[in-house]
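A closer look at the structure
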Amino acid sequence: MSYMLPHLRSGWEVDQAILTEEDRVVVIRFGRDADQICMVQDEVLFGIAEKVKNFAVIYLVDIDEVPDFNGMYELYDACTTMFFYRNKHIMVDLGTGNNNKINWALADKQELIDIIEIVYRGARKGRGLVVSPKDYSTKYRY
């Protein structure tokens, strides 16, 4: 479903998307459109796009097409989701130790809506770090 969501095709477009959005959270999925994990994430993002349109805008960035941010945001994973609000990167404490991004595909639509909503509420209050409603530290149980 990546073709249904807006793509940012250059570093300048990514910067403009982050800079110009004043009232909503900018959700950017960095990854490869053909990757299986990204396809799962894109499907979820497309499914929630209409529900979160009042407080979030969703963009996709192919890290092969736009490599400008790979080093800056350490985009080494197959699929990475990041949040920005008023030109500020909003970090999310998911319990995993990496507060900068979500580096796996969230298959549950409601979980992702909840995270975006928490990011929006926290960012509007001026917080640069918000705590996820669910702890993902035990995501991989052995």
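Everything below is about the structure shown above.
Report on the accompanying structure. (Residues numbered from 1 in each chain as written. Predicted model: local features only at pLDDT ≥ 70, side-chain atom pairs only at ≥ 80, totals over all residues. Heavy atoms only, no water.)

**Considering the overall build of the protein chain**
Basically, it comes down to this: Where helices and strands are cited, they refer to DSSP runs of H or I of at least four residues and of E of at least two residues respectively, numbered from the N terminus. Here the radius of gyration uses the C-alpha set of atoms, whereas the globule reference equals 2.2 Å times the residue count to the power 0.38. Only protein chains enter the area calculation, which uses a 1.4 Å probe; residues under 20% of their type maximum are buried, those over 50% are exposed, and those in between are partly exposed.
Secondary structure assignment for the protein chain yields three helices and five strands. The C-alpha radius of gyration of the protein chain comes to 14 Å, within 12% of the 14 Å expected for a compact globule of 142 residues. Once the C-alpha set of the protein chain is aligned to its principal axes, its extents read approximately 35 × 35 × 30 Å. Within the protein chain, buried positions represent 44% of all 142 residues.

**Examining the packing of aromatic side chains**
Working definition: an aromatic ring pair is given by the centre-to-centre distance plus the angle between the planes. Spelled out, the test is: Any Phe, Tyr or Trp ring, taking Trp's six-membered ring, that has another such ring centre within 6.5 Å forms a pair; planes under 30 degrees apart are called stacked, those over 60 apart edge-to-face, and the others tilted.
Following the criterion strictly, the structure yields seven aromatic pairs and no others. Geometrically, the ring pair formed by Phe69 and Tyr73 is stacked, given 5.8 Å between the ring centres and 10° between the ring planes. Ring geometry for Tyr85 and Tyr120: centres 6.2 Å apart, planes at 85°, overall edge-to-face. Residue Tyr85 is found in strand 3 (residues 79-85), and its partner Tyr120 is found in helix 3 (residues 109-124); the two are separated by 35 residues along the sequence. Neither Tyr85 nor Tyr120 differs from the other in exposure class; each is buried. Here a set of aromatic residues connected by ring pairs shows up, and it is made of Phe30, Phe69, Tyr73 and Phe84.

**Section: the pattern of salt bridges**
This is how it is decided: The working definition used for a salt bridge is a side-chain nitrogen of Lys or Arg within 4 Å of a carboxyl oxygen of Asp or Glu.
Going through the model one piece at a time under the given rule, you end up with eight salt bridges. We note a salt bridge from Asp33 to Arg29, for which the minimum N-O separation is 3.0 Å. Since its relative accessible area comes to 0%, Arg29 is described here as buried. Asp64 is the salt-bridge partner of Arg32, the closest N and O atoms lying 2.9 Å from each other. On the criterion of sequence distance, the pair formed by Arg32 in the loop between strand 1 (25-31) and helix 2 (36-49) and Asp64 in the loop between strand 2 (56-62) and strand 3 is long-range, its members being 32 residues apart.

**Observations concerning the pairing of strand 1**
Note the cut-off: Whether two strands pair comes down to DSSP finding at least two bridges between them. We call a crossover right-handed when, viewed with both strands directed away from the observer, the connection leading from the first strand over the helix to the second proceeds clockwise.
Strand 1 sits mainly inside the fold: seven of its seven residues count as buried. Here strand 1 shows two buried faces, one formed by Val25, Val27, Arg29 and Gly31 and the other by Val26, Ile28 and Phe30. Note that strand 1 and strand 2 share seven bridges and pair parallel. Within strand 2, the residue paired with Phe30 across the bridge is Val61. Following the chain from strand 1 across helix 2 to the adjacent parallel strand 2, one finds a crossover that is right-handed. The pairing of strand 1 with strand 3 spans six bridges and is antiparallel. Looking at the pairing, Gly31 lines up with Cys79 of strand 3.

**What to know about the sheet that holds strand 3**
Note the cut-off: Note on method: axes are straight lines fitted to C-alpha atoms, helices fitted across the in-contact stretch only, with angles between N-to-C directions ranging 0 to 180 degrees. Contacts are residue-level and defined by heavy atoms, with any inter-residue pair within 4.5 Å sufficient.
Strand order in the open sheet made by the five strands is 2-1-3-4-5, with mixed pairing throughout. The open sheet is flanked by strand 2 and strand 5 (129-131), the only strands paired with a single partner. On average, each strand axis in the sheet is inclined to that of its neighbour by 30°, with strand direction left out of account. Helix 2 rests against strand 1, strand 2 and strand 3 of the sheet, and its axis sits at about 160° to strand 1. Contacts between helix 3 and the sheet are confined to strand 1, strand 2, strand 3, strand 4 (88-93) and strand 5, with strand 3 contributing the most and set at about 30° to the helix.

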